[in-house]
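Below, each chain spelled out in residue letters.
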Amino acid sequence: MSPIASILLHVDPSPRCAARIGVASALAHRLDATVTALYTPAPVLPHGRHLLAEGQSLVLAPTLDAERRAQARALFDSADAGALVRWAEIDADRPVVPAFVRQALVHDLVVLGQFDRDDPAGPGVPADFVETVALDSGRPVLSVPYAGRFTDVGQRVLIAWKPTRESARAVAAALPLLQEGAEVHVASWGSDPHELEPLLRRHGIEAEYHREGPAPHEIGDALLSLAADVSADLLVMGCYGHSRARELMLGGASRTVLQSMTVPVLLAH
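Residues numbered from 1 in each chain as written. Predicted model: local features only at pLDDT ≥ 70, side-chain atom pairs only at ≥ 80, totals over all residues. Heavy atoms only, no water.

Attention shifts here to the confidence of the model for the protein. Detailed reading of the predicted model is not advised wherever pLDDT is low. Looking at the protein as a whole, the pLDDT averages 87, with 87% of positions reaching at least 70. The element-level mean pLDDT for the protein is lowest in strand 11 (residues 247-250), coming to 44, with helix 6 (residues 197-202) highest at 98. Confidence over residues 45-60 falls short of pLDDT 50; this stretch has seven contacts with residues more than four positions distant or in other chains. Considering only residues more than four positions removed or in separate chains, one finds that residues 244-250, a stretch of pLDDT under 50, has 17 contacts. (pLDDT = per-residue confidence, 0-100. Helix = DSSP H or I, 4+ residues; strand = E, 2+ residues; numbered from the N terminus. Contact = heavy atoms within 4.5 Å.)

Set out below in structure tokens:
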């Protein structure tokens, strides 16, 4: 049995949702996994309430969500993802983020989209949705950029290695995603990337190791630059931070990568 048998995919009415469906569908067919495409109803966000006349928000919210749902379902249907991908919805009366995290707990992998600052109302989820799901569910999260073309991942992989629990979990989550004969790079700042070599070799993986020296102030930018240099189609890294009293504290590298990513990123906490 594949280590990844069940994938949870977030669907919304944004045009980039089709790219996420494509990535999740490709993984499902390659890994013989099933995908639950979960639509999350969007509340009227506080920053958008000025667009509604006083007293209209409760009346318009169901109508707006019905339109969003129809758009998302049309995107899903047009993707023709196949029998391995099924549609599901969160109840409209449940808080979106906790309900999605609850579902993530019972899947092997979660596929989400990068937050698009130019379209804050598009996904109907908060800007820190990816980080929150990764930190609160403990499940590996594959975040797909809102720009660029991606059909599958795992052919050219960059692993950001750090001798921590989060990094080790990210590597373990990435192993099933590597395609046969994948080109793998392991990079580390301030530690030895060759620490990972015995494990990768036991999995039959020969990698190129990049010992980058002391960690720069903007390590996230350095990581994205290296990903571009090696033409990676997947970046693997630990997600560092915690959620407390609804305030998300996220490591600098994780934050930079999630804001500026140009390649799918696999995160694990």
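Before going further, it helps to spend a moment on the pairing of strand 2 (residues 34-39). Moving residue by residue along a regular strand, the side chains alternate between the two faces of the sheet. The buried count for strand 2 comes to five of six residues, which makes it a mostly enclosed element. Alignment of strand 1 (residues 6-11) against strand 2, held across six bridges, turns out to be parallel. Considered in strand 2, the bridge of Leu-8 is made with Thr-36. Taken together, strand 1, helix 1 (residues 17-31) and strand 2 form a β-α-β motif whose crossover is right-handed. (Buried < 20%, exposed > 50% of the residue type's maximum accessible area, 1.4 Å probe, protein only. Pairing = 2+ DSSP bridges. Right-handed = clockwise from strand over helix to strand, strands pointing away.)

Quick look at the sheet that holds strand 5 (residues 141-144) now. On the basis of which strands lie adjacent, the open sheet formed by 10 strands has the order 3-2-1-4-5-12-9-6-7-8 and mixed pairing. Both outer strands of the open sheet, strand 3 (85-89) and strand 8 (207-211), are each paired with one neighbouring strand and no more. Strand-to-strand twist of the sheet, defined as the mean angle between neighbouring strand axes without regard to direction, takes the value 20°. Sheet analysis places strand 6 (residues 156-160) next to strand 9 (residues 234-238), joined by three bridges and oriented parallel. What sits directly across from Val-157, in strand 9, is Leu-234. Helix-sheet contacts for helix 1 involve strand 1, strand 2, strand 3, strand 4 (109-113) and strand 5, and the interaxial angle to strand 1 is about 170°. (Axes fitted to C-alpha atoms, helices over the stretch in contact; angles between N-to-C directions.)

Our focus in this paragraph is the packing of aromatic side chains. In this structure the tally under the stated criterion is three aromatic pairs. Between Phe-100 and Phe-129 the ring centres are 5.2 Å apart and the planes differ by 65°, which places this aromatic pair in the edge-to-face class. Of this pair, Phe-100 sits in helix 3 (residues 96-104) while Phe-129 sits in helix 4 (residues 129-137); the two residues are 29 residues apart in sequence, bridging distant segments of the chain. Taking the relative accessible area as the measure of exposure, Phe-100 reaches 0% and is therefore buried. Overall, the relative accessible area of 4% leaves Phe-129 in the buried class. Stacked on the ring of Tyr-240, the Lys or Arg Lys-162 has its end atom at 4.8 Å from the ring centre. (Phe/Tyr/Trp six-rings, centres within 6.5 Å; stacked < 30°, edge-to-face > 60°. Lys NZ or Arg CZ within 6 Å of the ring centre and 35° of its normal.)

What follows is about the pattern of salt bridges. Counted under the stated rule, the structure contains eight salt bridges. With a shortest N-O distance of 3.2 Å, Glu-166 and Arg-165 are connected by a salt bridge. For Glu-166, a relative accessible area of 11% puts it in the buried group. Since its relative accessible area comes to 47%, Arg-165 is described here as partly exposed. What emerges from the salt-bridge pattern is a single network uniting Glu-197, Arg-201 and Glu-206. (Salt bridge = Lys/Arg side-chain N within 4 Å of Asp/Glu carboxyl O.)

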